[in-house]
Amino acid sequence: MKIRSNGDRVFDVVNYTVITLFALVCLFPFVYVAAFSITPYTEYLQNPLKLIPSHAEFGAYRQIFKMTVLWTGYRNTILITVAGVLINIFLMLITAYPLSKRDLKGRNVALILITFTMFFNGGLIPNFYLIRSLHLYNSLWSLILPGALGAYNLILMKNFISNIPPSLEESASIDGANEVTILAKIIIPLSKPAIATFVIFHAVSQWNLFFNAVIYTSKRELWPLMLIVRDLVVDSGAVARDTSDAVNTGVTEFTIKMAIIIFSTLPILLIFPFMQKYFMKGILIGSIKG
Amino acid sequence: MGKNSHSRVSVLMSVLLLTSALAACSSNDNKESGASGSEASGSSPAPASASAKETESKKEPVKIKMFNRVNADVVIDKNPILEEAGKLANVKLEVEAPPINNYVDKLQVVMASGDLPDLIYNWGTAGNGADANMEKWAQNGLLAALDDKIANYPNLMKNITPDMWNAVKSVNDGKTYIIPRANVVNHWGYVINQKWLDKLNLKAPTTLDEFTNVVRAFTKDDPDGNGKDDTYGLSLSGPDLGRNTIWNATNFLAAAFDLPVVDGAKDTDGTYKIREKMSGYLPYLTYLKKLNDEKLIDPEFLINKIYVDTEKLNQYKVGIVYGHQFAVLGNISKLPDSEKIFSYHGVLKDSNGVASDWVTPAMWGGWMIPKDSKKIDDVLAFLDWGNTPEANALFQLGMQGLTYDSYDPTTKAVSRTAEQAEKLNTLTSTYMTLANAINGEGASIANADTPEKLNVYKTQLDEAMKQMTVVNVPAVRSPKILNLNGTIPDLVKKKDEKEIAYITGTISEQQFKDFLEKEWYPATADAEKEYVDYMNSLGK
């Protein structure tokens, strides 16, 4: 049994202290925004660093729940996130698996073409034309398909699958499994950590998507949540609010903006803990060999 | 061998799936895109315009595709106010309103796409819409020159002043490619904590000496009564980090030195010159240096981002910030009861007792019409209607019964329930207006929802206007002076830094003067000449 020296203990203390401080630094902005979404504005003015309000005031949430634009944004964002992730993972698996086979004919050409897209793209206007020509303009598909298969993640996934021992596939093949069965029964179960990681990556990216919506949609009912949030929070003008309620509860633009940020980020934050165990494993994918 | 064939099957499978996914999306969208395509083609030719002229009274509403910058709160689809506007102006409006924060991005894409709407709002960096983008689009032949037509539209000619028309003329060919969106005339002054004044038994300052006394008292005499030395007399803020806060709407203070903070006004000797050569330039900076040396001004006044000064005012950390006549009531959305705490006042008087209120043409962007449009006259007629009190009231107040109960255009008093106020926020906003003001005034005063608040606004504005002398400053259309940031960006930055260094005491007055003499004046001589010639050519 290894005996821990004083140096080890000191290292642990320092380690935990630094990690705790780092965690607090990361957590602070969120706690700050959450706290001031339920703090009367007058209390914020008295002490902008006070994180515990004298009483919780949910007037800002009452007001944002009335904003229909946020609910349509939510609906759109959930749709493009769920559909985007499903399509992304599906396309990534069926593309990465064949590309992981070294004896696949044309593999190198395919990889060069895929890598090429990491460094060069058509640019904003050609992409706009492309989306319009494909009849995707003013459709939620324009927010799902353009980023459905990212070259970087695809290469990482390919590398991950390459690391799975070929003997597993060979034995399955001897038992009569075809490629689809091998993919479904062997590759996918063994790739769960990588898949979970890409689910989180892509879900976060889809959840935060806004610029594509600016360019590829012209109808407000298609705006995703983050586009609406950005306009409401960054806009220096007034956020719609019920002034009589505001006077009674001390709700102001500031508290409403804080509440909107919490309202829009909470779902994606809630998903993370459930995916964390896979995420911790998957984060190292592709780091061993190419 | 077997493996290879399996691999090929997999690749084939992936290609097929990708294709089918794309195909599925395309087919799903055919309806929508087909619809938009037909709308686009339908929007190009004006439907039977010749015959429509003959039967004016029975004219079918003209479909106008409008590209506007509207805040996210407003619902565009089936908006009753847009429908009402359509009825009143006999048009069928189809509004596309990208997010305001990315408006220019989307506008540039639309302009590049070639599929242009009938009416396009341009906000631009110049504030009046006649910016570099407009010049570029005009040069590229995308915009219609409107000089020959605008005289036919009486409301446009009445509501848009000659100064505004001059302000938007192209600097390249002198033509008019944009119809200004007339805005409310702002009279910049200052907002002060009235409660502090009352507590310290002081009056709102009208001269520089009085101002200094008030600022000193706000800083030293514990105006908030908390027993701590935690307040400052004054704070400033800037719209972005690239511009010095000391020039951002600081009319109230610069006026005491006869120093216009906008281009286009004369110096005390009656001649035009660049700001850095004006008689009040150095005294103004020296005064700010004095406030800074004596710690009478918010120590962050040089780096505050826009609205941070107002936040400090609301936090009772500072007592004075710049503001216009709408600032006190506007602040209610940030601090309820704002009108009971703060008051608005005009600019300070100079040594001759004159309080100069420099007013630039009040515009908030403008409207462009594509050159290839077959509906130019219809669109101009729509804009003409947009410059009537009827249209202004509709877009600012909404509709009676829906967003308000009663409205008196003379007093601007509006009565509405909480429910109607909430509806108003989702149905319209000032962003929706075709003209945001008629004769320099809006249909209502923001947040003046009681007679008491309206009275506060009127009393304070009347008092300020009694004290001030309005100086109408024409818009400067002199490219070189407007584009110093583009031609000598490093030197502009250096000049800003030198101003700050002088105020904070890092360099002496002589060092600052040396910089101006040796570097700034020579580098800007050409631009200054063009600017002075342009201003003199206006004959004002």
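We now turn to the structure provided with this report. Please read these numbers as outputs of a predicted model, since none were measured by experiment.

### Focus: the overall build of chain A
Assigned secondary structure in chain A consists of 14 helices and zero strands. Starting at the N terminus and ending at the C terminus, chain A contains elements arranged as α-α-α-α-α-α-α-α-α-α-α-α-α-α. Contacts in chain A between residues at least 24 apart in sequence constitute 76% of all its contacts with a sequence separation of at least 6.

### What about the overall build of chain B?
Of regular secondary structure, chain B possesses 22 helices and 13 strands. Scored against the burial criterion, the 540 residues of chain B give a buried share of 45%. Taking all contacts inside chain B whose residues are at least 6 apart in sequence as the whole, residues at least 24 apart take part in 76%.

### Some thoughts on the packing of helix H3 (residues 80–89) of chain B against helix H16 (residues 389–397) of chain B
All names here are of chain B. At their nearest, the axes of H3 and H16 sit 10 Å apart, and the two run at 170 degrees to each other. Viewed along their axes, H3 and H16 adopt a mutual orientation that is roughly antiparallel. Crossing hand, H3 versus H16: right-handed. In contact with Ile-81, Glu-84, Ala-85 and Leu-88 of H3, H16 contributes Glu-390, Ala-391, Leu-394 and Phe-395. When grouped by side-chain class, the residues that make up the contact of H3 with H16 number six nonpolar, no polar and two charged.

### Looking at the sheet that holds strand E2 (residues 91–96) of chain B
Residue and element names in this part refer to chain B. The mixed open sheet is built from five strands, whose spatial order is E2-E1-E3-E10-E4. In the strand order of this sheet, the two ends are held by E2 and strand E4 (179–182), each with one partner. When strand polarity is set aside, the average angle formed by the axes of neighbouring strands in this sheet is 30 degrees. Pairing geometry for strand E1 (residues 62–67) and strand E3 (residues 119–122), over two bridges, is parallel. Following the sheet pairing, Met-66 is matched in E3 by Leu-119.

### Quick notes on the sheet that holds strand E5 (residues 189–193) of chain B
Residues and elements named next belong to chain B. What the four strands build is an open sheet, ordered E6-E7-E5-E8; its pairing is mixed. With one partner strand each, in any of the chains shown, strand E6 (232–234) and strand E8 (342–345) form the two edges of the open sheet. The sheet shows a mean angle of 20 degrees between the axes of neighbouring strands, taken without regard to direction. Relative to E8, E5 is paired through four bridges, and the arrangement is antiparallel.

### Thoughts on the nonpolar core
B:Ile64, B:Leu119, B:Ile178, B:Trp367, B:Met368, B:Phe382 and B:Leu383 are the most contacted members of the largest nonpolar core, which totals 69 residues. With six residues, the top contributor of residues to this core is helix H15 (residues 376–386) of chain B. B:Ile64 has contacts with B:Val91, B:Leu93, B:Glu94, B:Asp118, B:Leu119, B:Lys375, B:Asp378, B:Val379 and B:Phe382, leaving out every residue within four places of it along the chain. Counting residues in each nonpolar core, the second largest holds 64 residues, with A:Ala96, A:Ile131, A:Ile195 and A:Met258 among its members.

### Re the environment of B:Ile320
Along the chain, B:Ile320 turns up in strand E7 (residues 318–323). Taking the C-alpha atoms as reference points, B:Ile320 and B:Asn90, 230 residues apart in sequence, are found 48 Å from one another.

### Quick notes on helix H1 (residues 6–37) of chain A
Relative to the 46 Å expected for 32 residues at 1.5 Å per residue, H1(A) spans 46 Å between its end C-alpha atoms, a close match to the ideal helical length. Little of H1(A) is tucked away: two of the 32 residues are buried.

### What about the pairing of E1(B)?
Residues and elements named next belong to chain B. For E1, a buried count of five out of six residues is recorded, marking the element as mostly surrounded by other parts of the structure. Pairing geometry for E1 and E2, over six bridges, is parallel. Considered in E2, the bridge of Ile-64 is made with Leu-93. Crossover connection from E1 via H3 to parallel E2: handedness right-handed.

Conventions we followed
Residues numbered from 1 in each chain as written. Chains lettered and ligands numbered in written order. Predicted model: local features only at pLDDT ≥ 70, side-chain atom pairs only at ≥ 80, totals over all residues. Helix = DSSP H or I, 4+ residues; strand = E, 2+ residues; numbered from the N terminus. Contact = placed C-beta atoms within 7 Å. Buried ≥ 20, exposed ≤ 12 C-beta atoms within 10 Å, placed from the backbone. Axes fitted to C-alpha atoms, helices over the stretch in contact; angles between N-to-C directions. Parallel < 35°, antiparallel > 145°, perpendicular 65-115°, else oblique. Left-handed = near helix turned anticlockwise from the far one by under 90°. Nonpolar A, V, L, I, M, F, W, Y, C, P; charged D, E, K, R; others polar. Pairing = 2+ DSSP bridges. Core = buried A, V, L, I, M, F, W, Y, C linked by C-beta atoms within 7 Å. Expected span 1.5 Å × (residues − 1). Right-handed = clockwise from strand over helix to strand, strands pointing away.

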